[in-house]
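Chains, contacts and geometry: an overview
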Amino acid sequence: MNYISGKDNTRLYVKDWGSGQPVILIHGWPLSADSWDEVAMEIANAGFRAIAYDRRGFGRSAQPWSGYDYDTLSDDLAAVIDHTGASDAIIAGFSMGGGEVARYMSRHGGKSVAKAALISSVVPFRLKTPDNPAGTAQSAFDDTARLLHTDRAKFFSQFFRSFFGADQPGRQISAELLAQMQTIALQASFKATLACLKSFSSTDFRPDLAHFKVPTLIIHGTEDHTVPIDASARLAAKAIAQATLLEYAGAPHGLFVSDKLRLIEDLLNFIRQP
């Protein structure tokens, strides 16, 4: 099974590797399930079922004109869980994908979920407002949209350097890997890229956090310049009842590359916990 249909019949591409307790991996913006490949392989090799899917508008999934709000995106996650028959699942969201996890826990009551993980996540609220002073100013997101309109390929070539900490001393991020991620990003529809930028930058997940009723692992780099830790993981850890926060000192946003081995070890330790 490579494709399933979402609630509105949008076709979603799904990878389903291994067997055992399911671990559902939700990718970040502006990537696809391919960004999870090496982590998913280790999860499957460890005796679990690794399920990863392309968000609507990205990768090999269909590119509808609408449906990039988090209610619809969480409905897509629900469709993946339903169609794959996943139960007692661990759902792990990276960056933008953390929003799907949060909204699924509230909108769908955390159905079939045994544990949750938020990795470099946008939760709880990215936008700077009077009651969220640690957030990012709207003007910064407007600048990103403008640069995407001007030269999307050039924007991504620069964006991923910060994303993976390529300019940090001691980081060995190859030009080939950066080119691969740029290629994945350019597979997405332009509409989906812009609409999801708006969704993850403006959606307030603070009301969703009370609906986390399961053990939740939060992992974030202290030098994440894409989603700063003070405005995300540290706030989420205080608001989620059963949360454990792991801070990766000096780490950037793209932990599945920059700190891959540590991330895999920490995820597997969490998955294996009774």
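This write-up is about the structure you can find in this document.

Reading the values: rules and limits
- Residues numbered from 1 in each chain as written.
- Predicted model: local features only at pLDDT ≥ 70, side-chain atom pairs only at ≥ 80, totals over all residues.
- Heavy atoms only, no water.
- Helix = DSSP H or I, 4+ residues; strand = E, 2+ residues; numbered from the N terminus.
- Expected span 1.5 Å × (residues − 1).
- Buried < 20%, exposed > 50% of the residue type's maximum accessible area, 1.4 Å probe, protein only.
- Contact = heavy atoms within 4.5 Å.
- Salt bridge = Lys/Arg side-chain N within 4 Å of Asp/Glu carboxyl O.
- Arc of directions from axis to C-beta.
- Phe/Tyr/Trp six-rings, centres within 6.5 Å; stacked < 30°, edge-to-face > 60°.
- Lys NZ or Arg CZ within 6 Å of the ring centre and 35° of its normal.
- Pairing = 2+ DSSP bridges.
- Right-handed = clockwise from strand over helix to strand, strands pointing away.
- Axes fitted to C-alpha atoms, helices over the stretch in contact; angles between N-to-C directions.
- Parallel < 35°, antiparallel > 145°, perpendicular 65-115°, else oblique.
- Left-handed = near helix turned anticlockwise from the far one by under 90°.
- Nonpolar A, V, L, I, M, F, W, Y, C, P; charged D, E, K, R; others polar.

Over its 13 residues, helix α6 (residues 190-202) runs 19 Å from end to end, which matches the ideal 18 Å to within 8%, given 1.5 Å per residue. Every buried residue of α6 is accounted for by Ala192, Thr193, Leu194, Ala195, Cys196, Leu197, Ser199, Phe200 and Ser201. Here the buried face of α6 lies against α2 (70-84) and α4 (138-163).

Right, let's get into the pattern of salt bridges. Here the structure, examined in full by the defined rule, presents 22 salt bridges. Residues Asp76 and Arg56 are paired through a salt bridge, measuring 2.6 Å at the closest nitrogen-oxygen approach. Here the residue Asp76 occupies a position in helix α2, and Arg56 occupies one in the loop between β4 (49-53) and α2, the gap between them amounting to 20 residues. Owing to a relative accessible area of 2%, Asp76 belongs among the buried residues under this scheme. The buried category is assigned to Arg56, whose relative accessible area is 0%. Residue Asp259 pairs with Arg171 through a salt bridge whose shortest N-O separation is 3.4 Å. Of this pair, Asp259 sits in the loop between α8 (255-258) and α9 (260-272) while Arg171 sits in the loop between α4 and α5 (175-186), placing them 88 residues apart in sequence. Each member of the salt-bridge network shares a partner with another, and the members are Lys7, Asp71, Asp75, Arg103, Arg107 and Asp208.

In this structure, the amide linkage connecting Trp29 to the following residue, Pro30, adopts the cis form with an omega of 5 degrees. With respect to the helices and strands, Pro30 occurs in the loop between β3 (22-26) and α1 (37-45). Here the bond from Val123 into Pro124 is cis, since omega is 15 degrees, no more than 30 degrees from zero. One can find Pro124 in the loop between β6 (113-119) and α4.

On to α1, then. Along α1, the positions that sit buried rather than exposed are Val39, Ala40, Ile43 and Ala44. All buried residues of α1 lie within an arc of 135 degrees about the axis, which places them on one face of the element. Where the residues of α1 are buried, they touch β2 (11-17), β3, β4, α8 and α9.

Now for the environment of Thr183. By the secondary structure assignment, Thr183 is in helix α5. Between the C-alpha atoms of Thr183 and Ala153, which are 30 residues apart in sequence, the distance is 8.8 Å.

On to the packing of aromatic side chains, then. The full count for this structure, using the stated rule, is 17 aromatic pairs. Taken together, a centroid distance of 5.4 Å and an interplanar angle of 75 degrees make the contact between Phe160 and Phe163 edge-to-face. In this pair, Phe160 and Phe163 are both assigned in helix α4, three residues apart and thus about one turn of the helix distant. Considered together, Phe160 and Phe163 belong to a single accessibility category, that of buried residues. Over the ring of Trp65 we find Lys191, and its NZ or CZ is 4.3 Å from the ring centre. Just above the ring of Tyr248 sits the side chain of Arg262; from NZ or CZ to the centre is 3.8 Å.

When a strand is regular, its side chains alternate between the sheet's two faces. As paired strands, strand β7 (residues 216-221) and strand β8 (residues 243-248) are joined by six bridges and run parallel to one another. In the strand pairing of β8, Leu217 is matched with Thr244. Handedness of the β-α-β unit built from β7, helix α7 (residues 233-239) and β8 comes out right-handed.

With that out of the way, let us pick up the packing of α1 against α9. The contact between α1 and α9 brings their axes to 10 Å, and the two run at 40 degrees. The angle between α1 and α9 falls in the class oblique. Crossing of α1 over α9 shows right-handed handedness. When α1 is examined against α9, the residues Glu38, Val39, Glu42 and Ile43 are found in contact with a partner set consisting of Lys260, Leu263, Ile264, Leu267, Leu268 and Ile271. Its residues assigned to classes, the contact of α1 with α9 shows seven nonpolar, no polar and three charged.

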